[in-house]
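# Descriptive analysis of the structure
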Amino acid sequence: MDVAVDWRWMRNDGIGRFAKETVSRLSLDVSPVHPPVSLFNPIEQLWTSYKLSTLRPTLYFTPGINPPLFSSVPFVFVIHDLIPLRFSEETSVQKKVYYRTVLRLAVQRARWILTVSEFSKQKIVRWADVDPEQIRVVGNGVKSRFRPDGPAYNPGSPYLLYVGNTRPHKNVGAAIEGFARSGIADDVRLILSGTPDSQLKAVIREHGVENRVEFAHFIPERDLPAYYRGATALVHPSLYEGFGLTVLEALACGTPVVASNATAIPEVTGDAALLFDPTDVEEIAASIRRVVRDSSLQHELRGRGIERARQFSWEQVAHRTEEALHAAVG
């Protein structure tokens, strides 16, 4: 079976990781497609539709939210989440129109829609008014490099870790405020990936933790396991996640996780994390205080996290994806 795949999703973000890990494991004849325009460009769907009419693959698969406008072959695509519809400050008018016209119509025309969690599936069903049987949950996985044994990052003092971007739905300001209010020892630092914007800098100054909060900028994937292993805990305060890949990676490394009890995160963590209300800064602070001061809780969460992470693998994700692709042309 010849499957044409949109190769632009082979990136270094969460969707990119899904694309790389899944497509590389498919036992199918994969043909990369490289549209010459950016995602969400109005010309994009027309170009893809034309290209498919000339290539005539058995199936078209895109790991992201850019199905063809029309297609002479069956197609399957992936909706990871509906964050742009939930957080207006993170999207544009163009993208909103795209979701409500092109994407919503494509949900009705696709052979299958894939997604990464039951939470996302339920949201897509309601938003697109589509039969739940039309959507398959394939999940996410975790690479073997994310494991408890191996080198651990050591900056010279204990630290809490946040991994992710700093967009509004990530709720990073609440993590900083909760850290500042937690009352834990002054030698414990908070290390965050990404780069601070003016709002986060203001939060840090307001709470007087300039000397205790550090931004590590972009952390390469090869270095992430060491950062997870060295951390006292991962703090993940997100208001919305379609899955929560960094949470899973931390669990696999044996890192205690304190995380939001919202959206798909509890589906990923099960009973392996200490969960809090991400809109309640005092609850965030209490969770941080508890995990830092309670060594027996740390030990318990490490064991539960490692066991929980074993239930997720990229091989399983690729297998479920391949089953859906076969079913699309069966």
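These lines cover the structure that appears in this document, whether it is placed above or below. Counting of residues starts from 1 at the beginning of each chain's written sequence and follows it residue by residue. Totals for whole chains, interfaces and linings use every residue, but because this is a predicted model, local features are given only for residues with pLDDT of at least 70 and side-chain atom pairs only at 80 or more, for both listing and counting. Water and hydrogen atoms play no part in the side-chain values, which are based on all heavy atoms of the structure.

Take the environment of V213 next. For helices the rule is a DSSP run of H or I covering at least 4 residues; for strands it is a run of E covering at least 2, with both sets numbered from the N terminus onward. If you trace the backbone, V213 turns up in strand β9 (residues 213-217). Taking the relative accessible area as the measure of exposure, V213 reaches 11% and is therefore buried. Linking V213 and I191, residues 22 residues apart in sequence, is a C-alpha distance of 6.0 Å. The contact definition used throughout considers only heavy atoms, calling two residues in contact when any of these lie within 4.5 Å. Leaving out residues up to four positions away in the same chain, V213 has contacts with F179, L190, L192 and I204. Think of it in three bands: with a 1.4 Å probe and only protein chains considered, a residue is buried below 20% of the maximum accessible area for its type, exposed above 50%, and partly exposed in between.

Attention now moves to helix α6 (residues 172-181). Counting buried residues in α6 gives seven out of 10 residues, a clear majority hidden from the surface. For α6, the set of buried residues is V172, A174, A175, I176, E177, G178 and F179. Buried residues along α6 sit in contact with β7 (159-162), β8 (189-193), α7 (198-206), β9, β10 (233-236) and α11 (281-293).

Next up on the list: helix α13 (residues 314-329). Because each turn of an α-helix spans 3.6 residues, side chains separated by three or four positions in sequence point in the same direction. Here α13 contains 16 residues, and its C-alpha end-to-end distance of 23 Å stays within 8% of the 22 Å for a straight helix at 1.5 Å per residue. Among all positions of α13, only W314, V317, A318, T321, E322, A324, L325 and A328 are buried. Within α13, the buried residues cover an arc of 160 degrees as seen down the axis, which keeps them to one side. Packing partners of the buried residues in α13 comprise α1 (14-23), β3 (59-62), β4 (75-78), β5 (112-115), β6 (135-137) and α9 (245-252). One less than the residue count of a helix, multiplied by 1.5 Å, gives the span that helix is expected to have. This arc describes the spread of directions from the helix axis toward the C-beta atoms.

This part covers the sheet that holds strand β2 (residues 29-33). Spatially, β2-β1-β3-β4-β5-β6 is the arrangement adopted by the six strands of the open sheet, whose pairing is parallel. Both outer strands of the open sheet, β2 and β6, are each paired with one neighbouring strand and no more. In this sheet, neighbouring strand axes are inclined to one another by 25 degrees on average, regardless of whether the strands run parallel or antiparallel. In this description, strands pair whenever DSSP reports at least two bridges between them. Bridging between β4 and β5 involves three bridges; their strand directions are parallel. Note that in β5 the partner of F77 across the bridge is I113. An axis is simply a line fitted to the C-alpha atoms; with a helix, the fit covers only the stretch in contact. Between two such axes, the angle follows the N-to-C directions and lies from 0 to 180 degrees. Along the sheet, helix α2 (residues 42-55) makes contact with β1 (2-6), β2 and β3, crossing β2 at roughly 140 degrees.

As a further point, take the pattern of salt bridges. Salt bridge criterion: a side-chain nitrogen from Lys or Arg within 4 Å of a carboxyl oxygen from Asp or Glu. Across all of its chains, the model carries 18 salt bridges by this definition. A salt bridge links R304 to E300; the nearest nitrogen and oxygen atoms lie 2.4 Å apart. In this pair, R304 and E300 are both assigned in helix α12 (residues 295-309), four residues apart and thus about one turn of the helix distant. For R304, a relative accessible area of 35% translates into the label partly exposed. Salt bridges sharing partners connect three or more residues here, namely R17, E21, R25, K143, E221, E249 and E315.

As a further point, take the nonpolar core. Grouped together as the largest cluster of nonpolar side chains are 82 residues, with contacts concentrated most on F61, F77, I79, L161 and Y228. Leave out the neighbours within four places in its chain, and L161 touches L190, I191, Y227, Y228, A231, A233, L234 and V235. Here, nonpolar core refers to any group of buried Ala, Val, Leu, Ile, Met, Phe, Trp, Tyr and Cys residues whose side-chain atoms link them within 4.5 Å. Among the nonpolar cores identified, the runner-up in size contains 28 residues, and F179, L200, F215 and L274 belong to it.

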